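Take a look at the letters that make up each chain.
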Amino acid sequence: ITESNKNISLFVKIVILKTLKIEGRIQILDTSFDIKGWEVNKPMVDPITNRLSILGADVSSLQRALELGAEYYDEDGDLGDPLQILRDHGMNYIRLRVWVNPSNGYNNKIKVTQFATAVSSRNMKLLINFHYSDTWTDPSHQAKPAAWASHPFDRLQSDVYEYTYDVCSGLKSVGVTPDMVQIG
């Protein structure tokens, strides 16, 4: 990890925290902060059932699989909608990762916005996972998006803010507001 990548990662968390204060609806994963009384690292447990209240799956590759002809079946062997099958079995959260300009054309803002409407129509909550890259990222690998590669640090700050705002605004414009966001 280069020093500049560490700074970018730190700035990304700050942008999301600012978004939290303005919007008041987005929760954060993978931090140790308490925001507005939220205990972010505490598991969300339903006080009545004593069960985890978030049961979810990352289905980021599902849209592509469906468009390539994949079929999904329930436990009785009946062909079904995969999101509905998950919903029928207790899943209530779906995670979708979003990349800036992925080479395969999937997991970008347009595809994620389209698929988020399908998630919402099944009364499932949405977690958007920002990668701020054109491909996979993790703590040991953070490649800048190709479109941002030559940008100085102050421009990268604007890029991250504008991209985050653009994706969230695009989702909101189709009636889907992320219930949570995650970085990387």
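Structure's up top.
The paragraphs below set out a description of the structure included in this document. (Residues numbered from 1 in each chain as written. Predicted model: local features only at pLDDT ≥ 70, side-chain atom pairs only at ≥ 80, totals over all residues. Heavy atoms only, no water.)

Here's the deal with the nonpolar core
With 26 residues, the main nonpolar core has Leu83, Leu96, Leu126, Ile128, Phe130 and Tyr163 as its most contacted residues. In terms of residues, this core owes the most to one element, helix H5 (residues 153-173), which gives six residues. Leu96 has contacts with Val59, Ser60, Val112, Phe115, Ala116, Leu126, Leu127, Ile128 and Asn129, leaving out every residue within four places of it along the chain. (Core = buried A, V, L, I, M, F, W, Y, C linked by side-chain atoms within 4.5 Å. Buried < 20%, exposed > 50% of the residue type's maximum accessible area, 1.4 Å probe, protein only. Helix = DSSP H or I, 4+ residues; strand = E, 2+ residues; numbered from the N terminus. Contact = heavy atoms within 4.5 Å.)

As for the packing of helix H4 (residues 109-121) against H5
The interhelical angle for the contact between H4 and H5, taken along N-to-C directions, is 35°, at an axis separation of 10 Å. As for the relative orientation of H4 and H5, their crossing is right-handed in sense. Every residue of H5 that contacts H4 at Lys109, Val112, Thr113 and Ala116 is listed here: Asp166, Val167, Gly170 and Leu171. Here the residues of the contact of H4 with H5 are counted per class, giving four nonpolar, two polar and two charged. (Axes fitted to C-alpha atoms, helices over the stretch in contact; angles between N-to-C directions. Left-handed = near helix turned anticlockwise from the far one by under 90°. Nonpolar A, V, L, I, M, F, W, Y, C, P; charged D, E, K, R; others polar.)

Examining unusual backbone geometry
Phi is positive for Asn123, close to 55°, though the residue is something other than glycine. Take Asn123: it is sitting in the loop between H4 and strand S8 (125-130). Even without a glycine there, the phi angle at Tyr132 is positive, about 45°. Looking at the secondary structure, you find Tyr132 in the loop between S8 and H5.

Quick look at H5
Compared with an ideal rise of 1.5 Å per residue, which puts 21 residues at 30 Å, H5 spans 30 Å between its outermost C-alpha atoms and is within 8% of the ideal. Of the residues making up H5, those classed as buried are Leu156, Asp159, Val160, Tyr163, Thr164, Val167, Cys168, Gly170 and Leu171. For H5, the angular spread of the buried residues around the axis is 160°, confining them to a single face. Along H5, the residues that are exposed and aim more than 90 degrees away from the buried face are Asp154, Tyr165, Lys172 and Ser173. In the stretch just after H5, Gly175 is the one whose phi turns positive, near 85°. (Expected span 1.5 Å × (residues − 1). Arc of directions from axis to C-beta.)

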